[in-house]
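Listed below are the residues making up each chain.
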Amino acid sequence: MAVIFFIWGCVQSLIVGIFIPIVKKARNNYLLSVIFFVTSLNILIQYLLRYQGWKDDFPRLLVIPDFLDLLLPTLLFIYIKAVLGGGIEKADKRYVYVPVIAGTFFVLNAVFRTDFSFGNYVGSLYHKFVLMGILVWKLFLFLKGWNIVKEQQHIIKKKTILWWPKMLAYFLGVLTYITFLNLCYFMLIVPNFELGSTVRFTLQKLVELNYIIFTCSIIFITIFFFFKYPKILSGLPIIKSKKTSKVPDGQIYIDKLNKLISEDRIHLDTELNEQKLADIMEVQSYILSIVLNDYLGKSFSAFINEKRIEEAKRLLENENNKDLTIFAIAVDSGFRSESVFYVNFKKQTGLTPKQYKKRYLSNT
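Cut-offs applied
- Residues numbered from 1 in each chain as written.
- Predicted model: local features only at pLDDT ≥ 70, side-chain atom pairs only at ≥ 80, totals over all residues.
- Heavy atoms only, no water.
- Axes fitted to C-alpha atoms, helices over the stretch in contact; angles between N-to-C directions.
- Helix = DSSP H or I, 4+ residues; strand = E, 2+ residues; numbered from the N terminus.
- Parallel < 35°, antiparallel > 145°, perpendicular 65-115°, else oblique.
- Contact = heavy atoms within 4.5 Å.
- Nonpolar A, V, L, I, M, F, W, Y, C, P; charged D, E, K, R; others polar.
- Expected span 1.5 Å × (residues − 1).
- Buried < 20%, exposed > 50% of the residue type's maximum accessible area, 1.4 Å probe, protein only.

Each pair of packed helices gets described by two things: the angle between the helix axes and the distance between those axes. Between helix H11 (residues 250-262) and helix H13 (residues 285-296), the shortest axis-to-axis distance is 10 Å and the interhelical angle comes to 95 degrees. One element, H11, and the other, H13, form an angle in the roughly perpendicular class. Counting all contacts with H11, which are made through Gly 250, Gln 251, Tyr 253, Ile 254 and Leu 257, the residues of H13 involved are Val 291, Leu 292, Tyr 295 and Leu 296. Counted by class, the contact of H11 with H13 contains seven nonpolar, two polar and no charged residues.

Listed below in structure tokens is the structure:
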């Protein structure tokens, strides 16, 4: 059964990693994709070492899971920080130094140690220190990540989608738990010969099952979130950051918005509001607000009303509409109220609709 879980976890994680950037090309999605690629690679190496005899044929590969066990929680922590509005900052790169430096040391030790083998590495004092280091690093990232999530707890209670970063923090906790189990196994079970080989083998399989079942559960829950809340893959933060307001690739959203206006004429929908437009664009409403302010210097209502007044002017200039009432012009332009239409029309043109129509006809 464990073999099936290993194969399923590896393939599923690889597919998800390929799928994410296809949905939306964005920095956060690329990072999430790398997280799944790393997970898939880790499961694959674990499978080859445990079930294909690679631990004896290629023992130096044993250091790769140790490196990936440092890299994976690091990337996960940076992603949590990014989706909670902090973005991927230059300062975050310092967290990557730990797995890179440690991984370099692991590789050099494996390459230049002539007697390196499964028997003298796994369970050795050096290996135990490595596992302790991995545990400390994961615990540090988990506590730091959980603290970031806790700061947004009041928002998470209100919006279900924000359980996503909370689940990511739980995943960090699960990764920490798995390393703790491995450390306990090598420090307490392996040296205890009184337990007998059968008991130790059974405990080893239980630790192994814990690893793959929890890992596969993480993949399954992640896929569930993707299908239930596709906005997660928008590539944008799901909580507004107080530090930054600029949205990466915001022009893409402006282009999409202009297309909705020119081709779908969405601004003529009298029920249109900021949340509805954000849902159509598959983006958080506050992100839409930031994009409009940063790239157009306008609020949602100002932008939409401007487009509606342009439509009203077109209707007023058309002689075929001479029998339409002002209320009909207002509704056909997307306004729900004649009074609101009057206020906005006068504000933008300096004239009432009737004055505008009269002046236009007198000039033609």
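Read on for the rest.
For helix H7 (residues 125-151), with 27 residues, the first-to-last C-alpha span of 39 Å sits near the 39 Å given by 1.5 Å per residue. When we look at burial in H7, the residues that qualify are His 127, Lys 128, Val 130, Leu 131, Ile 134, Leu 135, Trp 137, Lys 138, Leu 141, Gly 145, Ile 148 and Val 149.

Glancing now at the environment of Thr 74. Here Thr 74 lies in helix H4 (residues 63-86). According to the relative accessible area criterion, Thr 74 is buried, its value standing at 0%. With 18 residues separating them in the primary sequence, Thr 74 and Asp 92 have C-alpha atoms 9.5 Å apart. Excluding residues that lie within four positions of it along the chain, Thr 74 makes contacts with Tyr 95, Val 96, Pro 99, Trp 137 and Leu 141.

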